Amino acid sequence: MKRTIVVFVALGLWGTVGAAAQQPAAPAPAAPQAGPIDGIVAAMQAAEQRASRFTVELTTAGQLPGDLALSTRGVLHVLRGAQPAVHTAVEFSFADGLGGRVESAQTAAGIVLYEENPAFGELYLRFAPELVADLEWAGSVLGRSDLPGMADRRAMAPLGSTMLVELQREFALGVVDGRRDRAGEPGTWLAGPRRGGLDDDGSGQPMADRVEVFVRDRDHALVEANWLQGERRVQQIVVQRLEVDGDLPPALFTVDGRGQRLRDVQQHQPMWDQIQQVLQKAEAKAPEGAVRPSRR
């Protein structure tokens, strides 16, 4: 079970299940930023607003709690417009050889999730649209993004603008002088130490004391991010391929259950219990009079 929790934590950084990607992300609240970073974020957000279709192939690698090494490789498809949809497929592997796969698609019909992992084996589950709306609401109330339906920053902002804003809140980022390319591609390296007075956010991610990221000039995409403890890299995200406004056929948003029977998520007790606990926490924390969408 611990290993399964760690998988969800790690994939939360990646963006495993698209949620509010149906519309372009609204500009995030301003954080204390140096002038040049304001301009970089604005250019990223403008590019995200202009496009309606994204394909992002990502890899991640890092040391998780308990020195458990985990790497992932996957693809994200985001379709905006009259019939919005999000598809994500991620393969993950631990250093000890165990691993699995998580694939999901969100459309107007809800979410279909396929998962193969060391703890539960294979799952093939459906989340009804009403439940997806409740989970999106709960994620907003609790500031969480680790369950299907909760807002996913990578799907909401496929070029990485939201991630950059969040990193700037946590780290004192500045432009790195003298580094103007990555593997020959022009862009901007940003780096900086962790801001003082910040405690562990409870996410389970390693506490980095420094971060460095690269934003590519030609498409305003954040294509690499590294979290560091001293000289040791504890987490890395790399965009291996990015395609903007390419073809996204409907078949991309169908999840293959690999022979499993599609069940409603209520029929899988461990995940359903977790969902109920999260919804109850959100209701307890929500402002007085606020209720989840399915009860309005």
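Above this text is the structure in question.
Let me sum up the structure you'll find in this document. (Residues numbered from 1 in each chain as written. Predicted model: local features only at pLDDT ≥ 70, side-chain atom pairs only at ≥ 80, totals over all residues. Heavy atoms only, no water.)

### Description of the overall build of the protein chain
- When helices and strands are counted, the protein chain shows 6 helices and 13 strands.
- The buried share of the protein chain, reckoned over its 296 residues, is 49%.
- For the protein chain, the share of sequence-separated contacts (at least 6 apart) that also reach a separation of at least 24 residues comes to 59%.
- On the protein chain, roughly 13,500 Å² of surface is accessible, and the fraction owed to carbon and sulfur atoms is 50%. (Helix = DSSP H or I, 4+ residues; strand = E, 2+ residues; numbered from the N terminus. Buried < 20%, exposed > 50% of the residue type's maximum accessible area, 1.4 Å probe, protein only. Contact = heavy atoms within 4.5 Å. Areas by Shrake-Rupley, 256 points an atom, 1.4 Å probe, with all protein chains shown as cover.)

### Some points on helix α5 (residues 161–170)
- For α5, the tally of buried residues reaches 7 of 10 residues, placing the bulk of the element in the interior.
- Buried residues of α5: S161, T162, M163, L164, V165, L167 and Q168, and no others.

### Details of the packing of aromatic side chains
- Throughout the structure, instances matching the rule amount to 2 aromatic pairs.
- Ring centres 6.2 Å apart and planes at 80° place the aromatic pair F92 and F94 in the edge-to-face group.
- Given the relative accessible area of 4%, F92 is considered buried.
- The class of F94 is buried, set by a relative accessible area of 4%.
- Between W189 and F214 the ring centres are 5.0 Å apart and the planes differ by 50°, which places this aromatic pair in the tilted class. A residue pair is termed long-range when its members are at least 10 positions apart, and W189 in strand β9 (residues 185–193) and F214 in strand β10 (residues 210–216) qualify at 25 residues. The residues W189 and F214 share a single accessibility class, namely buried.
- Against the face of W189 rests R179, its NZ or CZ located 4.0 Å from the ring centre. (Phe/Tyr/Trp six-rings, centres within 6.5 Å; stacked < 30°, edge-to-face > 60°. Lys NZ or Arg CZ within 6 Å of the ring centre and 35° of its normal.)

### With respect to the environment of L135
- For L135, the position within the fold is in helix α3 (residues 129–142).
- Between the C-alpha atom of L135 and that of Q276, which follows or precedes it by 141 residues, the distance is 9.8 Å.
- Those residues in contact with L135 that lie beyond four places of it in its chain are F127, L147, P148, G149, M150, I275 and L279.

### A few points about the environment of V56
- Relative to the helices and strands, V56 is located in strand β1 (residues 53–64).
- Linking V56 and P158, residues 102 residues apart in sequence, is a C-alpha distance of 7.4 Å.
- Those residues within four positions of V56 in sequence are excluded, and the remaining contacts are G74, V75, L76, P158, V239, R241 and L242.

### Observations concerning the side chain of N226
- Mapped onto the secondary structure, N226 falls in strand β11 (residues 222–229).
- Relative accessible area serves as the criterion here: at 2%, N226 is assigned to the buried category.
- Within polar-contact distance, the side chain of N226 engages the side chain of E224 at 2.8 Å.
- Other than its neighbours up to four places away in sequence, N226 contacts R210, V211, E212, R233, Q235 and Q236. (Polar contact = N/O pair within 3.5 Å; in protein donor to acceptor, adjacent residues only side chain to side chain.)

### Here's the deal with the pattern of salt bridges
- Across all of its chains, the model carries 18 salt bridges by this definition.
- Across the salt bridge formed by D219 and R218, the nearest N and O atoms sit 3.8 Å from each other.
- Its relative accessible area of 59% is what places R218 among the exposed residues.
- Among the salt bridges present, the one from R292 reaches E283, with a minimum N-O distance of 2.9 Å.
- Taking the relative accessible area as the measure of exposure, R292 reaches 7% and is therefore buried. (Salt bridge = Lys/Arg side-chain N within 4 Å of Asp/Glu carboxyl O.)

### Observations concerning the packing of α3 against helix α6 (residues 269–285)
- Packing of α3 against α6 brings their axes to within 9 Å, and their N-to-C directions diverge by 55°. Judged on the interaxial angle alone, α6 and α3 are oblique. With respect to the hand of their crossing, α3 and α6 are arranged in left-handed fashion. Residue-level inspection shows L131, D134, L135, W137, A138, V141 and L142 of α3 in contact with α6, the latter providing W272, I275, V278, L279, K281, A282, E283 and K285.
- In terms of residue class, the contact of α3 with α6 is built from 11 nonpolar, no polar and 4 charged. (Axes fitted to C-alpha atoms, helices over the stretch in contact; angles between N-to-C directions. Parallel < 35°, antiparallel > 145°, perpendicular 65-115°, else oblique. Left-handed = near helix turned anticlockwise from the far one by under 90°. Nonpolar A, V, L, I, M, F, W, Y, C, P; charged D, E, K, R; others polar.)

### Examining the nonpolar core
- L164, L167, V213, L222 and W227 are the most contacted members of the largest nonpolar core, which totals 38 residues.
- Sorting the residues of this core by element identifies α2 (35–50), β1, β2 (68–79), α5, β9, β10, β11 and β12 (232–244) as the ones contributing at least two each.
- Among the elements that take part in this core, α2 stands out by supplying 5 residues, more than any other.
- Residues F94, L113, V132 and V278 belong to the second largest nonpolar core, which totals 25 residues. (Core = buried A, V, L, I, M, F, W, Y, C linked by side-chain atoms within 4.5 Å.)

It is worth stressing that arrangement in space is one thing and function is another; only the former is reported here.
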